[in-house]
Amino acid sequence: MIRPSNPTATLQSGTSGGNNLPSGPAGHPTPPGGGHGHGPPTGAPTVTIGSYPDYPSAQGVVDYLADNRFPVERTAIVGTNLTLVETVLGRMTTGRSALVGAGTGAWFGLFIGLLFGIFTTGNWVAVILVGLVVGAIWGAVFGAVAHAMTGGQRDFTSASSLRASQYAVTVDADQAEQARQLLGRMHLTPTGAAAR
């Protein structure tokens, strides 16, 4: 076995000459130091052209820019100070859980009944009704059992949503002046305009 005279020759990557180590990601040689200290590539710098207290206001601004042929693919709506809000809709009992399960099962049974009804040569309405009833019964059973298995630890229904305290409209820095001119025509006075 022949060894190279220069011991560092086998440690070079991404070069020709029969080296033993693979090159970096995507076939590019890894820079000295392993490429540490360099974050992911960032996009173009953006500028906040306005901050609004609710989403419809920010959406209206972007819609106005789109109506005036502004390149809205260069904009973003950024919600800040996000809060998770879980709204309690009501108490969940075994009976109510069974009722909800029956509704879901009925829809699934109707779907299966329609599929079988297409290929039935006899009374297809009866096939659909049987699918609906069987689906509702099984849905009610599964709904009641699922609620009973929680052991009373979650006896309520709820809906979760994310809410922001403020919505900022940002654009690429090179398009900021055009966006501000258009907003001036809209007679808006956005607050908190700043570069980020």
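Given the structure is predicted, the values throughout are model-derived calculations rather than measurements. (Residues numbered from 1 in each chain as written. Predicted model: local features only at pLDDT ≥ 70, side-chain atom pairs only at ≥ 80, totals over all residues. Heavy atoms only, no water.)

Engineer: Please explain the packing of helix H2 (residues 94-118) against helix H3 (residues 124-149) as it appears in this structure.
Structural biologist: Direction vectors running N to C along H2 and H3 enclose 150°, while the axes themselves pass 5 Å from each other. Classified by the angle between their axes, H2 and H3 sit roughly antiparallel to one another. H2 and H3 meet at a crossing whose hand is right-handed. (Axes fitted to C-alpha atoms, helices over the stretch in contact; angles between N-to-C directions. Helix = DSSP H or I, 4+ residues; strand = E, 2+ residues; numbered from the N terminus. Parallel < 35°, antiparallel > 145°, perpendicular 65-115°, else oblique. Left-handed = near helix turned anticlockwise from the far one by under 90°.)

Engineer: Got a minute to help me understand the environment of threonine 80 in this structure?
Structural biologist: By the secondary structure assignment, threonine 80 is in strand S2 (residues 75-91). A relative accessible area of 30% means that threonine 80 is categorised as partly exposed. Note: C-alpha distance between threonine 80 and tyrosine 167 (87 residues apart in sequence) is 6.3 Å. Not counting residues within four places of it along the chain, the set of residues in contact with threonine 80 comprises Ala164, Ser165 and Gln166. (Buried < 20%, exposed > 50% of the residue type's maximum accessible area, 1.4 Å probe, protein only. Contact = heavy atoms within 4.5 Å.)

Engineer: Hey, could you run me through the side chain of histidine 147 in this one?
Structural biologist: Here histidine 147 lies in helix H3. According to the relative accessible area criterion, histidine 147 is buried, its value standing at 11%. There is a polar contact of 3.1 Å between the side chain of histidine 147 and the side chain of aspartate 155. Among residues more than four places away in sequence, those in contact with histidine 147 are Met92, Thr93, Thr94, Ser97 and Asp155. (Polar contact = N/O pair within 3.5 Å; in protein donor to acceptor, adjacent residues only side chain to side chain.)

Engineer: In this structure, what is going on with the packing of helix H1 (residues 55-67) against helix H4 (residues 176-185)? I would like to understand it.
Structural biologist: The description of two packed helices rests on the angle between their axes and on the distance between the axes. Orientation of H1 relative to H4, taken along the N-to-C sense of each, is 105°, at an axis distance of 10 Å. Considering the angle they form, H1 stands roughly perpendicular to H4. Every residue of H4 that contacts H1 at Val61, Tyr64 and Leu65 is listed here: Ala179, Leu182, Leu183 and Arg185. Grouping the amino acids of the contact of H1 with H4 by side-chain chemistry returns 6 nonpolar, no polar and 1 charged. (Nonpolar A, V, L, I, M, F, W, Y, C, P; charged D, E, K, R; others polar.)

Engineer: Before we go on, may I ask you to explain the pattern of salt bridges in this structure?
Structural biologist: For the structure on display, the rule yields 2 salt bridges. Residues aspartate 174 and arginine 74 are paired through a salt bridge, measuring 2.7 Å at the closest nitrogen-oxygen approach. Pair noted here: aspartate 174 is in the loop between strand S3 (156-172) and H4 and arginine 74 is in the loop between H1 and S2, with a separation of 100 residues, a long-range link. Residue arginine 74 is classed as partly exposed on the basis of its relative accessible area, which comes to 25%. Shared partners join several salt bridges into a network, and the residues in it are Arg74, Asp172 and Asp174. (Salt bridge = Lys/Arg side-chain N within 4 Å of Asp/Glu carboxyl O.)

Engineer: I keep staring at H1 and nothing clicks. Help me out?
Structural biologist: In this model, H1 (13 residues) spans 18 Å end to end at C-alpha, consistent with the 18 Å of a helix rising 1.5 Å per residue. Turning to H1, its buried residues number three or more, namely Ala58, Val61, Val62 and Leu65. Angular distribution of buried residues about the axis of H1 spans 90°; they occupy a single face of the element. Facing away from the buried side of H1, by more than 90 degrees, are the exposed residues Pro56 and Asp67. Where H1 is buried, its residues touch strand S1 (46-52), S2, S3 and H4. Following H1 by one or two positions, arginine 69 adopts a phi angle in the positive range, close to 60°. (Expected span 1.5 Å × (residues − 1). Arc of directions from axis to C-beta.)

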